[in-house]
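# Breakdown of the fold
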Amino acid sequence: MLELQIAGRSFGQPVLGEVFATIERGDRICLLGPSGIGKTTLLNAIAGLDKAIPAEAIIGREKLRVGYLFQEHRLLPWRTLNANLRLAGANHEEAEEHLASVGLKGYGHYLPDQLSLGMARRAALARCLAVKPDLLLLDEPFASLDPVMAGELKALIAGILDTNPGMAMICVTHDGGDAEILANRLWYLNGQPARLQWDDVVGEPRLINDLLGRLRNSEGFDLV
Ligand SMILES: Nc1ncnc2c1ncn2[C@@H]1O[C@H](COP(=O)(O)OP(=O)(O)OP(=O)(O)O)[C@@H](O)[C@H]1O
């Protein structure tokens, strides 16, 4: 459904090298790699947000609806949650339904600043759903959440993927445990400039654990 033919991306100095990959419907990819290696840069490129990457490098992007959960919620602070979701394409009722599906039933009239971090992240996830995405991009969705909230959000995302088998996901994480729960495919970005050094389809937990074990033993890898 999407083919990456990225020649590279520099910010003064090279960050990404060549990235070639194909993303299929139903792919649940966890994108792992050392801090600062270029994972967000790659997500931005895939989302089509990085105008320095030619559109021809992300083949199929124009046909896809993409929901992007940024590290910050990026909800418009002067609009209610319902209005934020309507801007993403939902009508009033759909917005309330998406909010309810992430545990925010009855919060449609709240402003983003009235929410806790975990609630704001779930509201931002609801906005992703309002797009009716073919591809969900998640940039460290569990960062800064306490373990209970992180676990709830992980279960929520796994449930969304289970009920939408045609949806693909790419989730940036530093936590191998996230990959064990969410992934059926692992990407490992490393090197200078960074490339996908691993791109493994791991259909079953045993294989994910095996691969993660090898990654944890790799030099310079900060996976927990
Ligand atoms: N807009 C920008 N201008 C200049 N440098 C940038 C910009 N965006 C990213 N970089 C640089 O590119 C490199 C990769 O950044 P990126 O945020 O993609 O890494 P990351 O793997 O997502 O990091 P982390 O795991 O810490 O979130 C970093 O050295 C960063 O400083």
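Residues numbered from 1 in each chain as written. Predicted model: local features only at pLDDT ≥ 70, side-chain atom pairs only at ≥ 80, totals over all residues.

Every residue lining the ligand is accounted for by Phe 11, Val 15, Gly 33, Ser 35, Gly 36, Ile 37, Gly 38, Lys 39, Thr 40 and Thr 41. With three residues, the single largest contributor to the shell around the ligand is helix α1 (residues 39-47). (Near = placed C-beta within 6 Å. Helix = DSSP H or I, 4+ residues; strand = E, 2+ residues; numbered from the N terminus.)

Over its 14 residues, helix α4 (residues 117-130) runs 20 Å from end to end, which matches the ideal 20 Å to within 8%, given 1.5 Å per residue. Inspection of α4 places Ala 120, Arg 121, Arg 122, Ala 123, Ala 124, Leu 125, Ala 126, Arg 127, Cys 128, Leu 129 and Ala 130 among the buried residues, and these make up the whole buried set. Where α4 ends, the next residue or the one after it, Lys 132, has phi of about 55°, a positive value. (Expected span 1.5 Å × (residues − 1). Buried ≥ 20, exposed ≤ 12 C-beta atoms within 10 Å, placed from the backbone.)

Pairing between strand β2 (residues 9-11) and strand β3 (residues 13-16): three bridges, direction antiparallel. Each bridged residue has a counterpart across the sheet, and for Arg 9 the counterpart in β3 is Leu 16. Counting the residues between successive antiparallel strands, the hairpin from β2 to β3 contains one residue, one of them, Gly 12, with a positive phi of roughly 80°. (Pairing = 2+ DSSP bridges.)

Looking now at the sheet that holds strand β5 (residues 28-32). Read from one edge of the open sheet, six strands run β7-β8-β9-β5-β10-β11, paired in mixed fashion. The open sheet terminates on both sides in strands that have one partner only, identified here as β7 (66-69) and β11 (195-201). Taken over all neighbouring pairs, the strand axes of this sheet differ in orientation by 15° on average, direction set aside. As judged from the four bridges shared by β5 and strand β10 (residues 185-190), these two strands associate in the parallel manner. What sits directly across from Leu 31, in β10, is Trp 187. Sitting on the sheet, α4 touches β7 and β8 (135-139), and the angle it makes with β7 is about 170°. (Axes fitted to C-alpha atoms, helices over the stretch in contact; angles between N-to-C directions. Contact = placed C-beta atoms within 7 Å.)

What follows is about the environment of Ala 45. Checked against the element boundaries, Ala 45 lands in helix α1. A tally of 21 C-beta atoms within 10 Å means that Ala 45 is categorised as buried. As for Ala 45 and Ile 58, which are separated by 13 residues in sequence, their C-alpha atoms are 7.8 Å apart. Residues contacting Ala 45, with those up to four places away along its chain left out, are Ile 6, Arg 9, Asp 50, Ile 53 and Ile 58.

A few words now on helix α5 (residues 147-163). With 17 residues, α5 extends 24 Å between its outermost C-alpha atoms, agreeing within 8% with the 24 Å of an ideal straight helix rising 1.5 Å per residue. Buried within α5 are the following residues: Leu 153, Lys 154 and Ile 157. Along the axis of α5, the buried residues cluster in a sector spanning 105°; they form a single face. Across α5 from its buried face, at more than 90 degrees, point the exposed residues Val 148, Ala 155, Gly 159, Asp 162 and Thr 163. For α5, the secondary structure elements touched by its buried residues are α4 and α6 (176-182). (Arc of directions from axis to C-beta.)

Attention now goes to the sheet that holds strand β6 (residues 58-59). Spatially, the three strands line up as an open sheet ordered β4-β1-β6, and their pairing is antiparallel. Two strands in the sheet have a free side with no partner beyond their single neighbour: β4 (19-23) and β6.

Attention now moves to the confidence of the model for the protein. Mean pLDDT for the protein: 92, with 92% of residues reaching 70 or above. Listed scores for the predicted complex are pTM 0.92 and ipTM 0.97. (pLDDT = per-residue confidence, 0-100.)

Our next topic: the nonpolar core. Among the nonpolar cores identified, the biggest contains 61 residues, and Cys 30, Leu 31, Leu 99, Ala 126 and Leu 137 are the most heavily contacted of them. Tallying contributions element by element places α4 first for this core, with eight residues. For Leu 99, the residues in contact, after removing those within four places along its chain, are Leu 81, Leu 85, Leu 104, Lys 105, Tyr 107, Gly 108, Ala 123 and Ala 126. (Core = buried A, V, L, I, M, F, W, Y, C linked by C-beta atoms within 7 Å.)

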